[in-house]
Amino acid sequence: MLTLTSRAARQVQSMHRSQDDAQKRLRVFVEGGGCSGFQYGMSFDLPKADDQVIESEGVQILVDPTSLAYLNGTSIDFDDGLHGKGFELKNPNAQSTCGCGKSFN
């Protein structure tokens, strides 16, 4: 399961309204790279046949099967405060993370 906090959901919904294609959904994924081995990615995309569609806080999230194995149990928050980092992923499966919070191992 992948979840959004209410703050993250509000931010995603605001960003989604500015998209040129209302059919696109939030895609959360993992790819090789970053300073710790893997890095997180988020984009708006159209659903693919093998995607898992998860709904959290009224937002549909697309996750491919490979990424879901790494992201299961992850919570996504959004921090826009004075020292806010934007979207923050709290992944219980990550053995270590880098200082920027965008990559993990």
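Structure first, text after, so check above.
Residues numbered from 1 in each chain as written. Predicted model: local features only at pLDDT ≥ 70, side-chain atom pairs only at ≥ 80, totals over all residues. Heavy atoms only, no water.

Engineer: When you look at the pattern of salt bridges in this model, what are you seeing that I'm missing?
Structural biologist: Side chains bearing opposite charge may pair, as long as their charged atoms lie close to each other. Taken as a whole and judged by the stated rule, the model has 5 salt bridges. Note that R27 is salt-bridged to D51, the shortest N-O span being 2.6 Å. Taken as a pair, R27 in strand β2 (residues 25–32) and D51 in the loop between β3 (38–45) and β4 (52–56) lie far apart in primary sequence, 24 residues in all. Note on R27: relative accessible area 7%, which makes it buried. Among the residues examined, D51 registers a relative accessible area of 13% and is labelled buried. The shortest N-O distance in the salt bridge between K90 and D77 comes to 3.9 Å. Of this pair, K90 sits in strand β7 (residues 86–90) while D77 is found in strand β6 (residues 75–79), placing the two residues 13 residues apart along the sequence. (Salt bridge = Lys/Arg side-chain N within 4 Å of Asp/Glu carboxyl O. Helix = DSSP H or I, 4+ residues; strand = E, 2+ residues; numbered from the N terminus. Buried < 20%, exposed > 50% of the residue type's maximum accessible area, 1.4 Å probe, protein only.)

Engineer: What should I look at first to understand the pairing of β2 in this one?
Structural biologist: Put simply, side chains in a regular strand alternate between the two faces of the sheet. For β2 and β3, the ladder comprises 8 bridges, and the chain directions are antiparallel. Along β3, the bridge assignment pairs R25 with D45. Inspection of the sheet shows β2 paired to strand β5 (residues 59–63) by 2 bridges, in the parallel sense. Bridging from a neighbouring strand, R27 pairs with L62 of β5. (Pairing = 2+ DSSP bridges.)

Engineer: How do you make sense of the sheet that holds β7 when you look at a structure like this?
Structural biologist: What holds strands together in a sheet is hydrogen bonding between their backbones, with the strands either parallel or antiparallel. Within the open sheet, the 3 strands sit side by side as β1-β6-β7. Their pairing is mixed. Looking along the sheet, the strands with just one partner apiece sit at the ends: β1 (3–4) and β7. Pairing geometry for β6 and β7, over 5 bridges, is antiparallel. What sits directly across from I76, in β7, is L89. Across the sheet, helix α1 (residues 6–17) touches β1, β6 and β7, and the angle it forms with β6 is around 75°. (Contact = heavy atoms within 4.5 Å. Axes fitted to C-alpha atoms, helices over the stretch in contact; angles between N-to-C directions.)

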